[in-house]
Amino acid sequence: MNKNKMSLIEVLSPAGSFESLEAAVKAGADAVYAGGQKFGARAYAGNFQEEEMKKAIHYAHLHNKKLYMTINTLFKTNEFEELYEYLLPYYKEGLDAVIVQDMGAAQMIRQQFPGLDLHASTQMTVMGVEGAKFLQELGFTRVVPARELSLEEISEIRKQTDLEIETFVHGALCFSYSGQCLMSSMLGGRSGNRGRCAQPCRLPYDLYQDKKKINKNGESYLLSPRDLCSVEILPEILSAGANSLKIEGRMKRPEYVAAVTKHYRRYVDLYMEHADRYQVRQRDMQELLELYNRGGFTKGYYLTHNGRDMMSMKRPNHMGYYVGKIKEIRKNKVIFYCEADIHKQDILEISLDKEHKVELTSPIDAKCGSLISLNGKQIRKLRPGMSIYRTRNQKLLNELNEQIIRIEKKENIKGNITFSVGKPVMMRVWNDDISVTVTGEEVQEAQNQPVTKEHLKKQLQKTGGTPFSLEIEEIILEGKGFLPMGAIKELRRNALMEMEKSILRQKKRHDIKKQISKTELGKAELKTEDTRNQTIAMVSDMKQAEAVLTHHGIDAIYLQAELLPFERWESFSEQCHNAGKEIYYMMPYVFHKRAKDEWQKYRNLISKGCHDGILVRTLDEFAFIRGFDQFDKRMILDSSLYAYHPAAEAFYRQYAGCEVRFILPVELNEIELKQLKRSDADLIVYGHQPLMISAQCQVKNHLKCQKKEVCLTLKDRYRKEFPVRNFCYYCYNVIYNGEPLCLENLQHEVDDLNPGGRIYRFTIESPTEVISVLEGNRNGKNYTKGHFKRGIE
């Protein structure tokens, strides 16, 4: 491993509030990430107003830490024009980096804000070397790859790029690949791509096969992963090449941030100093569990691709820490033997079912092994033998406040003073990088008691209310001098103030570029094709493909490529052309190493075969195809390669290296789609919208891995259905909206958009249903207009 690439090992902590930022820094974070009032992926966190964000940047820099700002949502056209003015004040103050998802925004930031590091958000769903290399080419300094990467895949990125690699090590996991989830968006209009996820993955569902429920009773949270805790495998993660260890939790309280940061700081230091003696203490694991866990922890995807042991199917929220079982119920009292120490004001919980619980508050301390009796309300449903969990450890919270949160963080600096009669008093303070000298009033001849070294030292080292602790190294007294106490205090105050200004001045930027005019934002040669009016069938199995192949109304077929061996591409392409239809092969929804290695073997076929083009769905796939020396086909960008504004479109056209066609974004409404002015783009007019792309497999989790593709059905608490399909070849699941999109009754509005192609997306339909849809038969189904009318916030 290149040692220079591993020079940075950073503990990166979340800051959803200024209190959490302080807690993170005090607990040992090297950097924090935080969001402002706009454009962050946690719109419901506390976040920072402009002046508070500036204060946060100052606080971090005064303590030699870094602050990264989240700008990791997708921009609509009007918002993109606001980005420059929004980011400018923080850039001037010395903001260290921005975390971005939107490629158009990344391009603009690189052009307008030189020296500001670009970090690629996990929302970009980077899965491998291809995407990472492309980001490095674009000027990114860091990638936050998809959480679903293995240690081997992280290691490949490390070996083949010079990017810093930031990986999540602790906190909540999404069920879906980040950036590929539309469930919250489509069901409630709250888009995860806009920082407003309503977390439908934490709601109860049942799973059905052929109308038979197959999930176990009591296991209803089928989309709810356990929280990640990787402290036990930190050596492996660091050895794989991770530079920055990211703690999730901008919605968590300061005590959580302080404690988790403290532990990861401890174990990173232990690894760096004594890797051969690395071992995690059981009491530290207990403390992490007490802070927050969903049915225990998982080590995530580092060591395994999926599995039910990664899921918290019995509850979606904090389970707490097990402290005993009910011995007996006596009137309104719950009696049990403590299997852990209980503290005054601890909150204990007994779960009755997935929606009901009984909470108890301990009024006393009790030792492990002792019998305790607690008053409770509404305990008639409690029974002996029920488990009791502590969901709030008051002693732990008190200790965190006393030992970390309420402690004043001070940076050590040194100083000296020259106190000469008849001359202005002079004081110098310094640290390893900066030296500051200030002068004060003229030292007077003492009439009575002259100033002593001890007196000066005592007064000068009083630094309360400042970020410094001051060690006076030398005091030079010349003559018997005197100064009023106020003059000495003012000298100290001015010295520390100048030191603070000098530290902050190092980071501030003054060479500011003017904003590019609105007419030039995203300006590029936007090529458009001759006017098309195609009807396109997007198909997910060969039976569907055979059905549309002979249908007279279809002009082009988009086929899921993994369903057809590469060796059969040429013959099927010829069939399509003989039937008067274009043929495009769709790359998989995920592009892990296995998929890349296989597609790499057939580069010549992919670039020179007789098909008409390739549809790409991820940044890795885009980078992979553009990397071909001679790709003379058309590249179609699925709606999952988000281009919500002209600058994003311009970016993809600029870097594709071939002819590009877009599928219009599914989260924009009619008015917003018109603003894009893409008459050459395709519009999806029918289909079950993919809501989640996941590495988890419902078949494996509830039956067993059969390496056979089947379609199951999730039902939510309102009995709304969501088909689930497992794609075994590259091992991922897709959850679809049970109500298909249908814009059939909006023909006038669709015509006004003038799309080049109208796509019928077929997913779970039988061949008969495919033909029926194409013939305009709605079969009495319920349909949705998606976001075509309502849009997203």
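Shown above is the structure to which this text applies.
Note that this is a predicted model, so its numbers are computed, not measured.

*Asks:* Looking at this structure, how should I read the overall build of the protein?
*Replies:* When helices and strands are tallied, the protein shows 24 helices and 37 strands. In terms of overall size, the protein behaves like a compact globule, its C-alpha atoms giving a radius of gyration of 31 Å where 793 residues would be expected to give roughly 28 Å. Once the C-alpha set of the protein is aligned to its principal axes, its extents read approximately 110 × 75 × 50 Å. The proportion of buried residues among the 793 residues of the protein is 59%. Sequence-distant contacts, at least 24 apart, represent 72% of the contacts inside the protein between residues at least 6 apart. Here the protein contributes 116 positive and 105 negative side-chain charges, whose respective centroids are spaced 6 Å apart.

*Asks:* So what exactly am I meant to see when it comes to the sheet that holds strand β18 (residues 387-392) here?
*Replies:* In a beta sheet, neighbouring strands pair by backbone hydrogen bonds and run either parallel or antiparallel. Taken in spatial order, the six strands make up an open sheet running β16-β15-β18-β13-β14-β17, and their pairing is antiparallel. Since the sheet does not close on itself, it has two edges, and those belong to β16 (357-361) and β17 (371-375), each with one partner. Averaged over neighbouring strand pairs, the angle between their axes works out to 40° when direction is ignored.

*Asks:* Any chance you could explain the nonpolar core here in plain terms?
*Replies:* Within soluble globular proteins, side chains that are nonpolar tend to cluster in buried spots. Core analysis: the biggest nonpolar cluster contains 212 residues, and F140 and W599 have the highest contact counts within it. For this core, the element with the highest residue contribution is helix α10 (residues 254-274), accounting for nine residues. Beyond its immediate chain neighbours, meaning those up to four positions away, F140 contacts V100, M103, A106, L118, H119, A120, M124, L135 and L163. Membership of the second largest hydrophobic core comes to 27 residues, among which are I413, I417, V429 and I472.

*Asks:* What am I meant to see in unusual backbone geometry here?
*Replies:* One non-glycine residue, Q345, lies in positive phi territory at about 75°. Here Q345 is to be found in the loop between β14 (333-337) and β15 (347-351). Located in the positive-phi region is Q378, a residue other than glycine, with phi close to 55°. Note that Q378 resides in the loop between β17 and β18. We classify Q378 as exposed; its relative accessible area is 68%.

*Asks:* Mind showing me how you'd approach a positive patch on the surface here?
*Replies:* A cluster of basic side chains, namely K458, K462, K489 and R493, defines a positive patch on the protein surface. Position of R493 relative to the elements: it lies in helix α14 (residues 485-507). Judged by its relative accessible area of 45%, R493 is partly exposed.

*Asks:* Explain the pairing of strand β33 (residues 711-716) to me, please; I cannot follow it from the model alone.
*Replies:* Every regular strand shows the same layout, with side chains that alternate between the two sheet faces. In terms of strand pairing, strand β8 (residues 205-209) meets β33 through four bridges, oriented antiparallel. Looking across to β33, one finds that Y208 is bridged to T713. Between β33 and strand β34 (residues 721-727), which pair antiparallel one after the other, the connecting turn spans four residues, and R719 there sits at a positive phi close to 70°.

*Asks:* Just checking my understanding: could you explain the packing of α10 against helix α12 (residues 394-405) for this structure?
*Replies:* The geometry of a pair of packed helices is captured by two quantities: the angle between their axes and the separation between those axes. Put simply, α10 and α12 touch, their axes get as near as 10 Å, and they point 70° apart. In terms of orientation, α10 and α12 fall into the roughly perpendicular class. Residues P254, E255, A258, A259 and K262 of α10 pack against L397, L400, N401, I404 and I405 of α12.

*Asks:* Just checking my understanding: could you explain helix α17 (residues 593-601) for this structure?
*Replies:* Because each turn of an α-helix spans 3.6 residues, side chains separated by three or four positions in sequence point in the same direction. Every buried residue of α17 is accounted for by A595, K596, E598 and W599. Mapping the buried residues of α17 onto a view down its axis gives an arc of 165°, with all of them on the same face. Looking at the buried residues of α17, the elements they touch are α6 (129-137), α16 (569-578), α18 (603-608), β28 (613-616) and α19 (619-626).

*Asks:* Which parts of the structure should I look at to understand helix α13 (residues 453-460)?
*Replies:* Listed in full, the buried residues belonging to α13 are L456, Q459 and L460. When α13 is viewed along its axis, its buried side chains cluster within an angular range of 95° and face the same direction. Of the residues in α13, the exposed ones pointing more than 90 degrees away from the buried face are E454 and K458. In this structure, the buried residues of α13 make contact with β19 (411-420), β20 (424-430), β23 (468-478) and α14.

*Asks:* Just checking my understanding: could you explain the packing of helix α15 (residues 542-549) against helix α24 (residues 767-774) for this structure?
*Replies:* Here α15 crosses α24 at 40°, and the two axes come no closer than 9 Å. Considering their axes alone, α15 and α24 lie oblique with respect to each other. In the crossing of α15 with α24, the sense of the turn from one axis to the other is right-handed. Between α15 and α24, the contacting residues are K543, Q544, A547 and V548 on the first element and P767, V770, I771 and L774 on the second. Looking at the contact of α15 with α24 residue by residue, the classes come out as six nonpolar, one polar and one charged.

*Asks:* Would you take a moment to explain the packing of aromatic side chains for this structure?
*Replies:* Each pair of aromatic rings is reported with the distance of its centres and the angle of its planes. According to the stated counting rule, one finds 31 aromatic pairs in the structure shown. Ring centres of Y84 and F113 lie 5.3 Å apart, and the angle between their planes is 25°; this geometry places the pair in the stacked category. Taken together, the residues span a long stretch of sequence, with Y84 in helix α4 (residues 83-93) and F113 in the loop between α5 (103-112) and β5 (117-120) at a distance of 29 residues. Judged by its relative accessible area of 2%, F113 is buried. Taking 5.7 Å as the distance between ring centres and 75° as the angle between the ring planes, the aromatic pair formed by W569 and W599 counts as edge-to-face. Note that W569 is positioned in helix α16 and W599 in helix α17, a separation of 30 residues in sequence. Residues W569 and W599 agree in their burial class; the two are buried. For R594, the ring lying beneath its charged end belongs to Y729, and the centroid distance is 4.7 Å. The side chain of R603 reaches across the aromatic face of F624, ending 5.9 Å from its centre.

Calculation criteria
Residues numbered from 1 in each chain as written. Predicted model: local features only at pLDDT ≥ 70, side-chain atom pairs only at ≥ 80, totals over all residues. Heavy atoms only, no water. Helix = DSSP H or I, 4+ residues; strand = E, 2+ residues; numbered from the N terminus. Rg over C-alpha atoms; globule rule 2.2 N^0.38 Å. Buried < 20%, exposed > 50% of the residue type's maximum accessible area, 1.4 Å probe, protein only. Contact = heavy atoms within 4.5 Å. Lys, Arg positive; Asp, Glu negative; His and termini not counted. Charge placed at Lys NZ, Arg CZ, Asp CG, Glu CD. Pairing = 2+ DSSP bridges. Axes fitted to C-alpha atoms, helices over the stretch in contact; angles between N-to-C directions. Core = buried A, V, L, I, M, F, W, Y, C linked by side-chain atoms within 4.5 Å. Patch = residues over 30% accessible without salt bridge, like charges linked within 9 Å, V, L, I, M, F, W, Y side chains within 5 Å. Areas by Shrake-Rupley, 256 points an atom, 1.4 Å probe, with all protein chains shown as cover. Salt bridge = Lys/Arg side-chain N within 4 Å of Asp/Glu carboxyl O. Parallel < 35°, antiparallel > 145°, perpendicular 65-115°, else oblique. Arc of directions from axis to C-beta. Left-handed = near helix turned anticlockwise from the far one by under 90°. Nonpolar A, V, L, I, M, F, W, Y, C, P; charged D, E, K, R; others polar. Phe/Tyr/Trp six-rings, centres within 6.5 Å; stacked < 30°, edge-to-face > 60°. Lys NZ or Arg CZ within 6 Å of the ring centre and 35° of its normal.

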